[in-house]
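Below, each chain spelled out in residue letters.
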Amino acid sequence: MAVKSLKMNQSDSGFCPSGEDSDLEKSGLPAVSDARLVDEARRGDTEAFGQLVLRYERRVIRVIRRFMPDDQMAQDLTQEAFLRAFDRLEQFDPSRRFGPWLFRIAVNLTYDHLRRVKRRGKWALFSETAQERTPDPATADPRAHLDLSQEVQAVMADVPEAYRTVLILRDLEGFSTSEVAAVTERSEATIRWRLAEARRMFREVWERRERSFEESPADEKTDLER
Amino acid sequence: MKCSDARHLIHLSVGDDNLMDDEQTLGEHLHTCSDCRSYNAGMVDAMQVLYDFRDGTAMSSDESVWASVERRIEGRRSLARSAQRPQRQFQGGVVALCACSLVLAFVTVVNKLPVNQGTVDVLDSSMAVMPVNFNPQMRQSHSTGPILIQLVDPVDGKLLGLKNAATNDVFLRSIQSEPVPLKNGLQNF
């Protein structure tokens with residue numbers, strides 16, 4: 001895709017939390033402010049919106065990827081997030097930053113998707129698929145084969161949504177508390193409190209899981225000895 | 001400082017999210033409380049797991065989503081354009097349908113209008129014409145009444161009515177089955 005270069009020397013006041021440069025900035029093109037690009041996109045300039053996509057896509061994919069392990073689904077949700085942002089550009093308040101607004105859309109879309117999957121899982125309890133999923137007691141505990149990332153993701157899934165979001169954005173994606181507050185539309189004080197709680201929950205779930213792993217082999221060994 | 005407060009600050013401290021004053025107060029508490037020191041160590045370990053996970057997971061795909069997003073935006077636009085086009089066109093079909101409906105309504109109304117077949121040419125417009133249900137049997141019972149002249153349709157010979165020879169009053173035959181009471185005492189004819 002050929003994105004036109006806008007002749008502006010205005011610095012980018014966008015929302016790039018980790019300081020990661022976009023492809024455009026890497027290519028040496030002058031940075032255009034998000035506000036300007038949003039304004040042009042609202043007037044129907046698709047290429048301006050394209051620049052916004054290039055600027056944010058990697059961050060958005062990474063954030064979504066933190067919520068779900070499926071790469072392809074993360075890509076699809078990223079596309080969906082940008083499409084939704086494009087559709088709702090008219091509702092965007094230009095006096096505010098584009099980044100938090102975009103990340104909010106992405107996070108909400110991701111949670112919507114996860115809820116749908118969860119609901120489908122509940123219904124599957126009554127279907128044949130559920131019977132297939134029922135663990136076979138003869139096989140070993142499947143958790144033993146999980147690597148660190150899968151284990152952490154499993155633990156994160158046990159943390160309630162509101163806390164998980166803060167934990168992911170702050171500790172995994174490096175957003176500052178004020179940026180997390182902007183994304184979630186909460187006060188910084190609330191975010192700090194939630195962050196403390198989220199870390200406590202993560203620790204508790206993690207340690208509980210570790211303890212259960214440690215106990216399981218011991219039980220098996222005792223059974224064998226008997 | 002209570003240990004419960006200290007632990008809240010520990011949760012923030014491990015991510016360097018404490019305010020400077022809070023960090024200092026926590027440091028003082030940790031210096032004196034071994035339980036909280038141990039809790040702090042456990043918290044640091046848990047956070048290390050999180051950071052290892054963060055550093056160990058990288059995106060496998062470098063492909064940009066913009067091409068797909070652009071295609072979908074263009075697809076939607078062309079869809080919207082094609083959906084709008086017929087609205088701007090002249091709706092000839094609707095107009096034709098309206099015209100047909102009007103013509104049909106007009107024909108229906110015209111068909112229901114009474115038709116003047118020109119058969120009662122004996123009637124004079126100045127004559128007083130009143131509707132009457134003509135019953136031939138009534139004539140026998142009133143044979144001494146006024147002289148009445150039968151008005152007959154010249155085409156099919158049907159009786160159309162009666163004419164009073166003395167007064168020139170004409171009584172047309174009614175299509176009603178029951179006798180209709182007549183005005184001016186003419187019920188006796």
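At the junction of the two partners, chain A supplies 31 residues and chain B supplies 29 residues. Secondary structure elements with two or more residues in the side of chain A that touches chain B: α3 (46–67), α4 (71–87), α7 (148–157), α8 (161–172) and α10 (188–225) of chain A. Tallied by class, the residues present in the side of chain A that touches chain B amount to 14 nonpolar, seven polar and 10 charged.

All right, on to the nonpolar core then. Counting residues in each nonpolar core, the largest one holds 62 residues, and the members touching the most others are Val60, Leu102 and Ala106 of chain A. Sequence-distant contacts of Val60 of chain A, that is, excluding residues within four places in its chain, are made with Thr78, Ala81, Leu102, Phe103 and Ala106 of chain A.

Now for the confidence of the model for chain A. All names here are of chain A. Summary statistics for chain A give a mean pLDDT of 78 and a share of 70% for residues scoring 70 or more. Between residues 17–25, whose pLDDT stays under 50, and residues either more than four places distant or in other chains, the model counts 18 contacts. Confidence drops under pLDDT 50 across residues 127–133; counting only partners more than four residues distant or on other chains, this segment forms three contacts.

With that settled, consider α4 of chain A. Side chains three or four residues apart in an α-helix point the same way, a direct result of the helix having 3.6 residues per turn. Relative to the 24 Å expected for 17 residues at 1.5 Å per residue, α4 of chain A spans 24 Å between its end C-alpha atoms, a close match to the ideal helical length. For α4 of chain A, the full list of buried residues reads Ala74, Leu77, Thr78, Gln79, Glu80, Ala81, Phe82 and Ala85 of chain A.

Residue and element names in this part refer to chain B. At a minimum axis distance of 10 Å, the contact between helix α1 (residues 3–13) and helix α2 (residues 20–32) shows a crossing angle of 120°. When the interaxial angle is binned, α1 and α2 end up oblique. For the pair α1 and α2, the sense of crossing is left-handed. Contact residues: Ala6, Leu9, Ile10 and Ser13 in α1; Asp22, Glu23, Leu26 and His29 in α2.

Calculation criteria
- Residues numbered from 1 in each chain as written.
- Chains lettered and ligands numbered in written order.
- Predicted model: local features only at pLDDT ≥ 70, side-chain atom pairs only at ≥ 80, totals over all residues.
- Contact = placed C-beta atoms within 7 Å.
- Helix = DSSP H or I, 4+ residues; strand = E, 2+ residues; numbered from the N terminus.
- Nonpolar A, V, L, I, M, F, W, Y, C, P; charged D, E, K, R; others polar.
- Core = buried A, V, L, I, M, F, W, Y, C linked by C-beta atoms within 7 Å.
- Buried ≥ 20, exposed ≤ 12 C-beta atoms within 10 Å, placed from the backbone.
- pLDDT = per-residue confidence, 0-100.
- Expected span 1.5 Å × (residues − 1).
- Axes fitted to C-alpha atoms, helices over the stretch in contact; angles between N-to-C directions.
- Parallel < 35°, antiparallel > 145°, perpendicular 65-115°, else oblique.
- Left-handed = near helix turned anticlockwise from the far one by under 90°.

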